[in-house]
Amino acid sequence: MGKDENREETVDLFLRIGLDEKTANNTVANNKVTTNLKAVIHEAGVTDDGCSKAVGNLLYTVATKFPANALVHRPTLLEYIVSLKIKSPAQLEAAHTFLGRLGSENLQLNEFEEACGVGVEVSLEEIEHTASMVLEEKRDMILEMRYRTNVGELLGQIRATHPWADAKIVKEVIDKRLYGLLGERTAADNEKPVKKKKEKLPKEDVKVMAVQTPSVPPTEEELNPFTIFPGPEENIKVHTEIFFSDRPVLRVSNTKEILKKHLEETGGRVFTRFPPEPNGYLHIGHAKAMFVSFGLAKERGGCCYLRYDDTNPDAEKKEYIDHIQEIVRWMGWEPFKITHTSDYFEELYKLAVELIKKGHAYVDHQSAEEIKVSREHKRNSPWRDRPIEESLELFNDMKMGLIEENKATLRMKQDMQSDNFNMYDLIAYRIKFTPHPHAGDKWCIYPSYDYAHCIVDSLENITHSLCTLEFETRRASYYWLLDALSLYQPYVWEYSRLNITNTVMSKRKLNKLVTDKWVDGWDDPRLMTLAGLRRRGVSATAINTFIRGIGITRSDNSTIRLDRLEYHIREDLNKTAARQMVVLHPLKVVITNLDDKTILDLDAKKWPDAQTDDASAFYKVPFTNVVYIERSDFRTKDSKDYYGLAPGKSILLRYAFPIKCTEVVYSDDGETIGEIRAEYDSSKNTKPKGVLHWVAQPSPGVDPLRVEVRLFDKLFLSENPAELEEFLTDLNPESKEVIPEAFAVPSLRDAAVGDKFQFERLGYFAVDPDSTPEKLVFNRTVTLRDSYSKGGNK
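Bear in mind that the values here come from a model prediction, so they are computed numbers and not experimental data. (Residues numbered from 1 in each chain as written. Predicted model: local features only at pLDDT ≥ 70, side-chain atom pairs only at ≥ 80, totals over all residues. Heavy atoms only, no water.)

### Some words on helix α19 (residues 368-376)
- Among the residues making up α19, those that are buried are Ile371, Ser374 and Arg375. For α19, the angular spread of the buried residues around the axis is 100 degrees, confining them to a single face. (Buried < 20%, exposed > 50% of the residue type's maximum accessible area, 1.4 Å probe, protein only. Helix = DSSP H or I, 4+ residues; strand = E, 2+ residues; numbered from the N terminus. Arc of directions from axis to C-beta.)

### Remarks on the pairing of strand β18 (residues 650-653)
- Judged by which residues are buried, β18 turns out to be one-sided: Ile651 and Leu653 face inward and are buried, whereas Ser650 and Leu652, on the alternate face, are not.
- With three bridges connecting them, β18 and strand β19 (residues 658-666) associate as antiparallel partners. Residue pairing in the sheet places leucine 652 in a bridge with proline 658 of β19.
- Where β18 folds back on β19, the antiparallel hairpin that results is connected by four residues, among which tyrosine 655 adopts a positive phi of roughly 70 degrees.
- Of the strand pairs in this sheet, β18 and strand β21 (residues 691-692) are connected by two bridges, and their pairing is parallel. By the bridge assignment, leucine 653 is partnered in β21 with leucine 692. (Pairing = 2+ DSSP bridges.)

### Notes on the side chain of glutamate 630
- Looking at the secondary structure, you find glutamate 630 in strand β17 (residues 626-630).
- Buried within the structure, glutamate 630 lacks any salt-bridge partner; its nearest side chain of opposite charge belongs to arginine 761, at an N-O separation of 6.7 Å.
- A distance of 2.7 Å separates a polar side-chain atom of glutamate 630 from the backbone nitrogen of leucine 584. (Lys, Arg positive; Asp, Glu negative; His and termini not counted. Salt bridge = Lys/Arg side-chain N within 4 Å of Asp/Glu carboxyl O. Polar contact = N/O pair within 3.5 Å; in protein donor to acceptor, adjacent residues only side chain to side chain.)

### So, helix α6 (residues 89-102)
- Over its 14 residues, α6 runs 20 Å from end to end, which matches the ideal 20 Å to within 8%, given 1.5 Å per residue.
- Looking at α6, one finds that the buried residues are Ala90, Gln91, Leu92, Ala94, Ala95, His96, Phe98, Leu99 and Leu102.
- Glycine 103, located one to two residues past α6, shows a positive phi value of around 65 degrees. (Expected span 1.5 Å × (residues − 1).)

### Structural notes on the environment of phenylalanine 395
- Among the secondary structure elements, phenylalanine 395 is positioned in helix α20 (residues 388-399).
- Judged by relative accessible area, phenylalanine 395 falls into the buried class, the value being 1%.
- C-alpha of phenylalanine 395 to C-alpha of isoleucine 445: the two residues are 50 residues apart in sequence and 9.4 Å apart in space.
- Contact partners of phenylalanine 395, with chain neighbours within four places excluded, come to Tyr349, Ala352, Val353, Ile356, Val363, Leu410, Tyr429 and Ile445. (Contact = heavy atoms within 4.5 Å.)

### Looking at the nonpolar core
- Phe623 and Trp694 are the most contacted members of the largest nonpolar core, which has 52 residues in total.
- Ignoring any residue separated from it by four or fewer positions in sequence, one finds phenylalanine 623 in contact with Ile591, Leu594, Thr598, Ile599, Leu600, Leu602, Leu653, Ala656, Phe657, Tyr680, Trp694 and Ala696.
- Membership of the second largest hydrophobic core comes to 49 residues, among which are Cys304, Ile327, Leu466 and Met505. (Core = buried A, V, L, I, M, F, W, Y, C linked by side-chain atoms within 4.5 Å.)

### A closer look at the sheet that holds strand β24 (residues 736-744)
- Spatially, β12-β25-β26-β27-β23-β24-β13 is the arrangement adopted by the seven strands of the open sheet, whose pairing is mixed. The open sheet has two edge strands, β12 (578-580) and β13 (582-583), and neither has a second partner.
- In this sheet, β24 lies alongside β13 in antiparallel orientation, the contact comprising two bridges. Pairing of valine 583 across the sheet is with phenylalanine 743, part of β24.
- Packed onto the sheet, helix α26 (residues 562-576) meets β12, β25 (756-759), β26 (763-767) and β27 (777-782) and runs at close to 125 degrees relative to β27. (Axes fitted to C-alpha atoms, helices over the stretch in contact; angles between N-to-C directions.)

### Overview of the pattern of salt bridges
- Summed over the entire model, instances satisfying the criterion amount to 49 salt bridges.
- Across the pair glutamate 719 and arginine 561 runs a salt bridge, and its minimum N-O distance is 2.7 Å. Here glutamate 719 is found in the loop between β23 (705-712) and β24, whereas its partner arginine 561 is found in the loop between α25 (540-550) and α26, with 158 residues between them in sequence.
- Of the residues examined, glutamate 719 reaches a relative accessible area of 44% and is grouped as partly exposed.
- Judged by relative accessible area, arginine 561 falls into the partly exposed class, the value being 43%.
- In this structure, arginine 706 and aspartate 703 form a salt bridge, with 2.4 Å as the shortest nitrogen-oxygen distance.
- With a relative accessible area of 31%, arginine 706 lands in the partly exposed category.
- According to the relative accessible area criterion, aspartate 703 is partly exposed, its value standing at 33%.

### Concerning the packing of aromatic side chains
- Overall, the coordinates contain 30 aromatic pairs when judged by the stated rule.
- Aromatic side chains phenylalanine 623 and tyrosine 680 sit 5.9 Å apart centroid to centroid with 55 degrees between the ring planes, which places their arrangement in the tilted category. Residue phenylalanine 623 is found in strand β16 (residues 618-623), and its partner tyrosine 680 is found in strand β20 (residues 673-680); the two are separated by 57 residues along the sequence. Just as phenylalanine 623 is buried, tyrosine 680 falls in that class too.
- Centre to centre, the rings of phenylalanine 623 and tryptophan 694 are 5.6 Å apart; their planes meet at 90 degrees, and the pair counts as edge-to-face. On the criterion of sequence distance, the pair formed by phenylalanine 623 in strand β16 and tryptophan 694 in the loop between β21 and β22 (695-696) is long-range, its members being 71 residues apart. Note on accessibility: phenylalanine 623 and tryptophan 694 belong to one class, buried.
- Here arginine 375 stacks its cationic end above the ring of phenylalanine 421, 4.1 Å away from the centre of that ring.
- Cation over ring: lysine 684 sits above phenylalanine 657, and NZ or CZ is 5.1 Å from the ring centre. (Phe/Tyr/Trp six-rings, centres within 6.5 Å; stacked < 30°, edge-to-face > 60°. Lys NZ or Arg CZ within 6 Å of the ring centre and 35° of its normal.)

### Concerning the confidence of the model for the protein
- Scored by pLDDT, the protein has a mean of 89; 93% of the residues are at 70 or more.
- Low pLDDT, under 50, characterises residues 198-215; the predicted model gives this stretch two contacts beyond four residues in sequence or across chains.
- Of the regions scoring below 50 in pLDDT, residues 790-794 engages in four contacts with residues more than four places distant in sequence or in other chains. (pLDDT = per-residue confidence, 0-100.)

### A closer look at the sheet that holds β17
- Read from one edge to the other, the open sheet built from seven strands follows the order β21-β18-β19-β20-β14-β17-β22, with strand pairing classed as mixed. Looking at which strands have only one partner, the edges of the open sheet turn out to be β21 and β22.
- Relative to β20, strand β14 (residues 586-591) runs parallel, the two being bridged by four bridges. Across the sheet, the residue bridging to lysine 588 is glutamate 675, located in β20.

### A short note on unusual backbone geometry
- Even without glycine at this site, asparagine 406 takes up a positive phi of about 70 degrees.
- Along the polypeptide, asparagine 406 turns up in the loop between α20 and β7 (409-412).
- Residue asparagine 406 is classed as exposed on the basis of its relative accessible area, which comes to 63%.

### Things to note about the packing of helix α18 (residues 345-357) against helix α21 (residues 449-459)
- Running from amino to carboxyl end, α18 crosses α21 at an angle of 110 degrees, the nearest separation of the two axes being 11 Å. By the angle class used here, α18 and α21 are roughly perpendicular. In the packing of α18 onto α21, the handedness of the crossing is right-handed. Residue-level inspection shows Glu347, Leu348, Leu351, Ala352 and Leu355 of α18 in contact with α21, the latter providing Tyr451, Ala452, Ile455, Val456 and Leu459.
- In terms of residue class, the contact of α18 with α21 is built from nine nonpolar, no polar and one charged. (Parallel < 35°, antiparallel > 145°, perpendicular 65-115°, else oblique. Left-handed = near helix turned anticlockwise from the far one by under 90°. Nonpolar A, V, L, I, M, F, W, Y, C, P; charged D, E, K, R; others polar.)

Put into structure tokens, the structure is as follows:
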């Protein structure tokens, strides 16, 4: 049956339980709710004949709000709904609360019924009596407010006395009583009340109030984002349902015996893992994964593995393995233990044999394309039902290298008629005659991610298996396999992946950028790889602060703007990067009233709040009769909104003296300005508005320190280049500008690779590894301008 037919059938099913057409269509668009609602309808036994709209609405609420830890009791609740023992939203809400607290413990029906008001009938007379008392109490207020009275408040007071009363009947009684008291609505009743204008306070009072207004305290989750995760001892509760087309629902939870053994082996501590595949360099999305897994373990006093997911030797390199270990530590995380999936190849193989023996796996001879087509059409492999002994023998042949590549795979026998594509008999093992960078040439069959990942999680006693939301649909195969092998089952939780504007973070796309030399390697400062960010001058502290700020929720409908990351980078560098002066495009200024042999050593501040008695907070800059300013800081025509230098105009050279332009000297072409002549005010009596950075000749006839400066901008023009068919066509041709000879103050001569500075008026810069003793190279980390906090998004 095609997708459209499936959809029509599902919509028809939802219409039969009383949902309106719009709700039914919207529900079908949500796979998770659709799966839950279909299961609820099936459990309630109303698949064929349907039910009333009132019952259907309650079933819909069960599908969307039932507590996951109490799934074992859902069939009982559905019996109460279908038999009309629970018939109001208030009763259902009470049932959810009761069952959520109970979890998977035994259900005492008498306590359940009492908590949900089962059998409690509220007569019309009782409702009318309570309504009379409430309206009498509020009589004066009602007469004044008339039909603008808050009816919801009155309804709430009556429901407080009769929580199981039908809300519709209560509303009808209130409306009837109000009409009896107030009579027909008048024209005045229908007029909107005039809002009173707030009295404006004097400016002084407003300022006082602004200071005294307390800020909203951060939520517990903002203070500690890891509070959302349960403890390891709670992994006996049902937290996931796996639906099958041909067998009962699998309600995921560990048995008491399995959990007891697990807790004994872990000491009850949290165990997480960060499992990157060593097929490229890590990017900022991995920084979030590290923060979640390492952060949870650190918060709970637990342990986090660094586990290489090295099941594909074709794409893996020792370079990537070494990089990952080094960058994880640079990010501030220390692994509890470094492991490889390949460390478990022997155990994985033995468990695959056991899976075959249990009838849950088979050797398949279809090609990759044939498997793809059969899965798309939910069609079984011709070899799916081959004898177990035959699959065991063939799987051994695969291991011994007796079968060619692409001629056989081991597939898990899952559920080809499932609604979940990740249950269509996933591949467990492939043949690859490729040496492994960690395991060597011992193996010629390699497990797939879908087979190995969950098993190694179990073998390493992982308590919280944390991954991004695109893996949510793989929960089914994850738990199917662990259940089939009777292994310990970790708690799986998915969080939203990190998406940032104007970049790509797909490893495939990053690899293409690097391999085809669109960028200068994996650590190109324009990339969002962690190596690239580090080379650009971004600290691990800034990255982790940014990650913590965006949170680790399951919301997956937004892309984070690049300027939000840049805000955190500036916040960090503003505290750590000393100020210096560099001129990118020098324009020579000759000070005619200063002797050409005079050299004045002036104090310049490394920090804005430098104290005069702290010598370490200052650096020396020479001031001579030849200084250089930015070419863009001079105009031949002045204007009111311009604060740079112009003929006849004065500006202040930062930390030095005011100068006044007295003459403009042009080059031989008569258009290009060769140099500026100026006079300085040694008394500093002149108070110009403009302040410029500058660099002087350190001594007569000697040029300032020459440095190379690289200016980086967004790598892509579009906010979401990954959505484009040809993402390479969106590359920003001006993402990198190299200035080979900028002038710098002498104090920068001894800067080392990785040192960070704020070049005044230009931005934050870091010393690049390309630097040599003869010439320093600086990368611009970020500009000084901060559009993020100014936009009110701070």
